Each structure stands twice: as structure tokens, then as C-alpha cells.
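Understanding the architecture of this molecule
Each chain is listed here by its residues.
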Amino acid sequence: MVNYSSPKILALDFDGVICNGLKEYFQTTIRTYQKIWSDSSQDTLQNWANSFYQLRPVIETGWEMPILLRALVLEYEQANIESNWHNVCVEIVEKENLNKQQVMNELDGVRDHWIKTDLETWLSLHEFYPGVLEKLGKLLDFSTILYIITTKEGRFVKQLLKQQNLSFPEANIFGKEVKQPKYETLRQILKSNQEIPNNLWFIEDLLKTLNKVKSQEDLTEVNLFLADWGYNTVKSHELVKQDSAINLLSLDTFSQDFSQWIKC
Ligand SMILES: [Mg+2]
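These numbers were taken from a predicted model, which means no experiment stands behind them.

Conventions used here
Residues numbered from 1 in each chain as written. Predicted model: local features only at pLDDT ≥ 70, side-chain atom pairs only at ≥ 80, totals over all residues. Helix = DSSP H or I, 4+ residues; strand = E, 2+ residues; numbered from the N terminus. Rg over C-alpha atoms; globule rule 2.2 N^0.38 Å. Buried ≥ 20, exposed ≤ 12 C-beta atoms within 10 Å, placed from the backbone. Contact = placed C-beta atoms within 7 Å. Axes fitted to C-alpha atoms, helices over the stretch in contact; angles between N-to-C directions. Parallel < 35°, antiparallel > 145°, perpendicular 65-115°, else oblique. Left-handed = near helix turned anticlockwise from the far one by under 90°. Nonpolar A, V, L, I, M, F, W, Y, C, P; charged D, E, K, R; others polar. Pairing = 2+ DSSP bridges. Right-handed = clockwise from strand over helix to strand, strands pointing away. Core = buried A, V, L, I, M, F, W, Y, C linked by C-beta atoms within 7 Å.

**Section: the overall build of the chain**
- When you go through the chain residue by residue, the secondary structure sums to twelve helices and eight strands.
- Scaling as 2.2 N^0.38, a compact globule of 264 residues should have a C-alpha radius of gyration of about 18 Å, and the chain matches this with 19 Å.
- Taking the principal axes of the C-alpha coordinates as reference, the chain spans close to 55 × 40 × 30 Å.
- When burial is assessed residue by residue, the chain has 34% of its 264 residues classed as buried.
- Intrachain contacts of the chain at a sequence separation of at least 6 include 66% that bridge at least 24 residues.

This is the structure in C-alpha cells:
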């Protein structure tokens, strides 16, 4: 069953849906890389920017970003990274005796230090997608309940939204700190609002995350949208076009009325 009118609750991913953080990702990744590795590649790390941006869709959580840069430095083929990221990542982590938690701590530490010492530069590396903040502002003025569900630490998101003067309810921002899959957070949101799944719409740019929601038996009626402007590929757009359970959403449509979002 599909709700053609409008959602009571709209949940959004942050990176790749609301905010384009590619520049920040890369600069934070370089700084983290330099803490973990002290090899001779240091001066040339900036040269990997474009490859890093292109490969960003393979990343599921932040700690993988320094590993991705490491894979580029180690000259793994780009096509191999793209089609085989999980194995490449595991291989590097094992070979170099790394620990996921430790890489994650380094990365968050770099961010925290950067925010503390040079907030302005850090903020300037983030670009909000055109029209998205305006749309969120309008929705907040009406009665749509908004949530942000992100794998970034919630405190970073709060910082960014504060700077944009968007009075987003902070209690509705679920970051990495909740330590649970996004479908679990969606479940929690439904429960706390006593809403049925059909009244919840969820926008995300990672197809894998949407597929996980889709496979939850109690969540099949949540309306799912893949943000085509985010960190995803034409291949995932094609998959979604053939999938009746997920809608492909463009940035242009996002700014329009909810009635335009779901194609019959
Ligand atoms: Mg995302």
C-alpha cells in the first residue's frame, strides 16, 4: 500500500541527502591518514581527491575513508575497489594490523580537534544541496515531523545546522552514537510517535541501507526514496527504477510537493 498524499514523518539521511560533505571527508581523511601512516606518500595525498570523490559511494561508515585512501596509495585498481570494496577493505585492515574502532576514533578525534581549533574552515568545506534547507524550513513550519538519521556523529550535524540557522529539533537527530542500524531507528521513531509505517517516508542515498529497511517485515510499508543527487551511481538508479518498493527521487522533485514524489 502506498501513501500518495504526504508523510506524517519524514526521515532523512544527512550526508549525500542534505549536505555534500565530500571536501570535508577528503580533508579529514588526509589528516587521519597522516596520523595512522607515516610513509613517503604524504606529499601526494591531495592528488587522490578526484578518485576519492568518485569512489565515495562504496563507503558505508566513516572509518572506511582512510582505508579507501590507503587503497589508492597502494595502487589498488579503481575498478577493483568499486566492485570489491568489502574484500579490499578487509584485506588492508588485516594486512596492516588495523582496528576498526581505532581508525574510527582517530577520524572522530581529527574532526573534533579541527572543529575546536578552526571551526570556520571546517564548516566552509560543507555544501548544502540547493533548495534542501529551504524545503526543510518550510516543512518545519507546517506539521511534518522531521528526523535526521545519519552515520555521522550527531554533534557534527547539530553544529552544521546551527550555522545555517535552521531550528531543527535536536532531539530528532540520530547520529552514529545511537549505535544501531537505521531500520532500528525507524522502528523507534514509529514507536515513539505511535505511527503506522505507511505514514513514514525515508530518504537515503545509500541503496544498501534502503534494501535493509525493505527487508524488515514490519517496515515494508515505509515509503522509501533513493536521493539520486547523493553518493550513489547510475547503476543503483537503474536498480531502483526496476524496484517497485523504492522510489528514485531527484533534487528538483524533492523541492516540489509530496504528491510529486511517488510516481504511479
Ligand atoms: Mg548518505
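**Points about the packing of helix α9 (residues 182-193) against helix α10 (residues 207-214)**
- Relative to each other, α9 and α10 sit at 50 degrees, their axes nearing to 9 Å. Relative to α10, the element α9 is oriented oblique. Viewed along their axes, α9 and α10 form a crossing whose handedness is right-handed. Taking contact as the criterion, the partners of Lys 182, Tyr 183 and Leu 186 in α9 are, on α10, Thr 209, Lys 212 and Val 213.
- Residue classes in the contact of α9 with α10 are distributed as three nonpolar, one polar and two charged.

**A few points about the pairing of strand β7 (residues 223-227)**
- With five of five residues buried, β7 lies mostly within the body of the structure.
- Both faces of β7 are covered, namely the face carrying Asn 223, Phe 225 and Ala 227 and the face carrying Leu 224 and Leu 226.
- Where strand β6 (residues 200-204) and β7 come together, four bridges link them in parallel fashion. In the strand pairing of β7, Glu 204 is matched with Leu 226.
- On the question of chirality, the crossover connecting β6 to the parallel β7 by way of α10 is right-handed.
- Pairing of β7 with strand β8 (residues 246-249), which is carried by four bridges, proceeds in the parallel orientation. Residue Phe 225 lies in a different strand from β8, and its bridge partner there is Asn 247.

**A word on the nonpolar core**
- Within the largest apolar cluster, 40 residues are counted, with the highest numbers of intra-cluster contacts made by Ala 11, Ile 148, Leu 186, Leu 200, Phe 202, Phe 225 and Leu 226.
- Those residues within four positions of Phe 225 in sequence are excluded, and the remaining contacts are Trp 201, Phe 202, Ile 203, Asn 247, Leu 249 and Trp 261.
- By size, the runner-up hydrophobic cluster in this structure holds 16 residues, among which are Phe 26, Trp 48, Met 65 and Val 88.

**Topic: the pairing of strand β1 (residues 9-12)**
- Neither face of β1 is left uncovered, since the one carrying Ile 9 and Ala 11 and the one carrying Leu 10 and Leu 12 both have all their residues buried.
- Pairing of β1 with β6 involves four bridges; the strand directions are parallel. Paired with Leu 12 across the strands is Ile 203, a residue of β6.

**Quick notes on the sheet that holds β8**
- Strand order in this open sheet of six strands is β5-β4-β1-β6-β7-β8, and the pairing throughout is parallel. This sheet does not close on itself; its edge strands, each paired only once, are β5 (173-174) and β8.
- Sheet contacts for α10: β6, β7 and β8; angle to β7, the most-contacted strand, approximately 170 degrees.
- Strands β7 and β8 of the sheet are contacted by helix α11 (residues 234-241), whose axis makes an angle of about 135 degrees with β8.

**With respect to the packing of helix α1 (residues 22-36) against helix α5 (residues 100-117)**
- Viewed as axis vectors pointing N to C, α1 and α5 meet at an angle of 125 degrees, and their least axial separation amounts to 9 Å. Classified by the angle between their axes, α1 and α5 sit oblique to one another. Of the two elements, α1 crosses α5, and the hand of that crossing is right-handed. Counted together, Thr 28, Arg 31, Thr 32, Lys 35 and Ile 36 of α1 and Val 103, Glu 106, Leu 107, Val 110 and Arg 111 of α5 form the full contact between these two elements.
- Of the residues assigned to the contact of α1 with α5, the class counts are four nonpolar, two polar and four charged.

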